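Residues per chain are reported as follows:
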Protein chains: 2
Amino acid sequence: MSGFDVKYAEYQRLFEERLENFCNKLNCQPQILKESLIYSLKLGGKRIRPVLMLSFADLLGLDKNNVLNFALALELIHTYSLIHDDLPEMDNDDFRRGKPSNHKVFGTGNAVLAGDGLLNTAYSILFTECFNGDEFISASKYICDCAGINGMIAGQSADLSHENDEEIDENILDFIYLNKTAQLISASCITPSILCKGKYYSEIKTFSRDLGFLFQLTDDILDVEGSFENVGKSIGKDVAEGKYTAVKLYGLEKSKVRADLIADRCIKMLEGIKGDTGFLKEFVYFIRQRIL
Amino acid sequence: MSGFDVKYAEYQRLFEERLENFCNKLNCQPQILKESLIYSLKLGGKRIRPVLMLSFADLLGLDKNNVLNFALALELIHTYSLIHDDLPEMDNDDFRRGKPSNHKVFGTGNAVLAGDGLLNTAYSILFTECFNGDEFISASKYICDCAGINGMIAGQSADLSHENDEEIDENILDFIYLNKTAQLISASCITPSILCKGKYYSEIKTFSRDLGFLFQLTDDILDVEGSFENVGKSIGKDVAEGKYTAVKLYGLEKSKVRADLIADRCIKMLEGIKGDTGFLKEFVYFIRQRIL
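Residues numbered from 1 in each chain as written. Chains lettered and ligands numbered in written order. Predicted model: local features only at pLDDT ≥ 70, side-chain atom pairs only at ≥ 80, totals over all residues. Heavy atoms only, no water.

1. Describing the side chain of Ser208(B)
Residues and elements named next belong to chain B.
So, point 1. Looking at where Ser 208 falls in the secondary structure, it is placed in helix α10 (residues 201-225).
So, point 2. You can call Ser 208 buried: its relative accessible area is 0%.
So, point 3. Each residue touching Ser 208, except ones within four places of it in the same chain, is listed here: Ala 182, Ile 185, Ser 186, Cys 189 and Ile 190. (Helix = DSSP H or I, 4+ residues; strand = E, 2+ residues; numbered from the N terminus. Buried < 20%, exposed > 50% of the residue type's maximum accessible area, 1.4 Å probe, protein only. Contact = heavy atoms within 4.5 Å.)

Written out as structure tokens, the structure is:
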């Protein structure tokens, strides 16, 4: 394993421990509600949001224990968004991370409630954090706003509104990418900065919005070039449904060139931050490499 | 108008002003997201949760301005729960307050997002309140937990799980009523107490759980005896679908006797609180009277 892989695995393990502990203590009725929450939380995934948050905590010299509950809340919010997004009336995806989507296992009604439950529980965790001081309140509110109607939900709504458009407008595409995907990724990176009274706030904001954009761009390229085995969800669906993606607008090759440009910008922004940014640079390549 | 009606109208006006101001300032894209949020918020209703919160603020000598944002957040949460509850995969209701349900107007995908958006916005409002001090954090967390997987969502989940049961179990029925309905009503009453460092906390908790139970009980009786005009939603649906209600378990007459007993208990509990509880007593009769 490379140094990057070792570090990634360490962050991931730290987060998985926190998640495991949360799931073990989770106590709610009826049984199907509990099962449906845990099912989606344990579907796995790369945990890129928690890993990013932990690595920024390290970079800024913050005790990682201070951000573990924020990472947990953010992963709950991310998981809720996937459950609702997979619903038949939304993106209608039967698979997620190689396993049946929540609504395929528990039914659509229960999946709606599982999503609601995860979102609500995320904020219950964050309200508890608020007792630790004003920075903790600021960070909680920041995450909430990134997930909200001027953040992720706006992006999902725009995505849904434009799914049958013939022509793709670059501004709308940017709006969808930046909100649907980049906002939560950005929140993971910025939370440690807010807890450190805004240290490198604007650099991290610029970096993380680009990184989130890059992530969605590579995701769309993978929808064309990936396989079910390495992506874990239905492939070729975007194209088949004529979805609003960069690949449809720019074509495959130009999309890859754009990915390179954005990755370069991310690296440059990291160079403006003092401290050991090695892991984060490798992280950018790791996202970029998904499409090599 | 009776004294009760005048006071009720005054509380309602105060809340509607706050809501109107919120809607006017609401700024989000795309347009359909904004419209769908405002559509459901402005469908009206009796605003019983905000009215209860304001009246308890008065009773405890709390400045009503201190609770208006809590009342707003709670009404947003209540409204989200109605939108998701009306979805075809949940309760499948085409009407709400005499008008087409959110998903009938905007489609199911947008209705899922409108609900998500209202829930998320409610917490954004509450995180801002948290800066006002620890009692404000406690009250916010309390509301969040009443709405959550050990509160309202648990009740909705149990309701959904048991909708096709042949036999009704009294314990499960109580669980559904207390969680699905009573938790948010209880949160409205208890918020002012938490802001007053727990004044009459246990009396108000007992009172409000009973009141919430009474509200759901009268709702189910109205489903049998009411009309579309005075209820604003489809009538006779519970019976037609064999839903889990007190009427199905006890029959109509015994359900009314039970409603009387609970109303009496509410009145008694109010007598243990010093101050002018006249409005709240009338409020209990107002709920009870819906089925006279």
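2. As for unusual backbone geometry
Trans peptide bonds make up the majority, and among non-glycine residues the majority have a negative phi.
Residues and elements named next belong to chain A.
So, point 1. Cis rather than trans, the peptide bond between Gln 29 and Pro 30 has omega equal to -10°.
So, point 2. Position of Pro 30 among the secondary structure elements: in the loop between α1 (3-25) and α2 (31-41).
So, point 3. Even without being glycine, Tyr 200 reaches a positive phi, approximately 55°.
So, point 4. Position of Tyr 200 relative to the elements: it lies in the loop between α9 (170-195) and α10 (201-225).
So, point 5. Exposure remark for Tyr 200: the relative accessible area of 23% places this residue in the partly exposed category.

3. What about the packing of aromatic side chains?
So, point 1. Across all of its chains, the model carries 32 aromatic pairs over all chains by this definition.
So, point 2. With 6.1 Å between their ring centres and 15° between their planes, Tyr8(B) and Phe283(B) make a pair best called stacked. With Tyr8(B) in helix α1 (residues 3-25) and Phe283(B) in helix α15 (residues 278-289), this pair connects stretches of sequence that are 275 residues apart. The residues Tyr8(B) and Phe283(B) share a single accessibility class, namely buried.
So, point 3. Grouped by ring-pair contacts, the aromatic residues Phe4(A), Tyr8(A), Tyr11(A), Phe279(A), Phe283(A) and Phe286(A) constitute a single cluster.
So, point 4. Over the ring of Phe215(A) we find Arg49(A), and its NZ or CZ is 6.0 Å from the ring centre. (Phe/Tyr/Trp six-rings, centres within 6.5 Å; stacked < 30°, edge-to-face > 60°. Lys NZ or Arg CZ within 6 Å of the ring centre and 35° of its normal.)

4. Re the pattern of salt bridges
When the charged atoms of two side chains with opposite charge come close together, those side chains can pair.
Residue and element names in this part refer to chain A.
So, point 1. Scanning the model with the defined rule gives 32 salt bridges over all chains in all.
So, point 2. The salt bridge involving Asp 58 is made with Lys 64; its shortest N-O contact spans 3.0 Å.
So, point 3. For the salt bridge of Arg 290 with Asp 219, the shortest nitrogen-to-oxygen distance reads 3.1 Å. Of this pair, Arg 290 sits in the segment after α15 (278-289) while Asp 219 sits in helix α10, placing them 71 residues apart in sequence. Per residue, the accessibility class of Arg 290 equals that of Asp 219, and both read buried.
So, point 4. Because the salt bridges share partners, they merge into one network encompassing Glu 16, Arg 47 and Glu 75. (Salt bridge = Lys/Arg side-chain N within 4 Å of Asp/Glu carboxyl O.)

5. Structural notes on the side chain of His84(B)
So, point 1. Of note, His84(B) is situated in helix α4 (residues 68-86).
So, point 2. Among residues more than four places away in sequence, those in contact with His84(B) are His84(A), Val112(A), Asp116(A), Met90(B), Ala111(B), Val112(B), Gly115(B) and Asp116(B).

6. Focus on the relation of the copies chain A and chain B
So, point 1. The operation relating chain A to chain B is a screw motion whose rotation component is 180°, with 0.0 Å of axial translation and a residual RMSD of 0.0 Å. Taken together, these values place the two copies in the relation of a two-fold axis.
So, point 2. When you check the interface residues of chain A against chain B, 100% turn up at the interface there too, and the contact is symmetric in its surfaces. (Least-squares fit on C-alpha atoms with pLDDT ≥ 70 in both.)

7. Let's talk about the nonpolar core
So, point 1. Tyr123(A) and Tyr123(B) are the most contacted members of the largest nonpolar core, which has 196 residues in total.
So, point 2. Those residues in contact with Tyr123(A) that lie beyond four places of it in its chain are Ile77(A), Ile143(A), Cys144(A), Ala147(A), Asn120(B), Tyr123(B), Phe127(B) and Cys144(B). (Core = buried A, V, L, I, M, F, W, Y, C linked by side-chain atoms within 4.5 Å.)

8. Thoughts on the state of the cysteines
So, point 1. In total, this model carries zero disulfides over all chains according to the counting rule given.
So, point 2. With no disulfide of its own, Cys130(A) lies closest to Cys130(B) among cysteine sulfurs, the gap being 4.3 Å. (Disulfide = S-S within 2.5 Å.)

9. Regarding the environment of Leu59(B)
So, point 1. Note that Leu59(B) resides in helix α3 (residues 48-59).
So, point 2. Taking the relative accessible area as the measure of exposure, Leu59(B) reaches 14% and is therefore buried.

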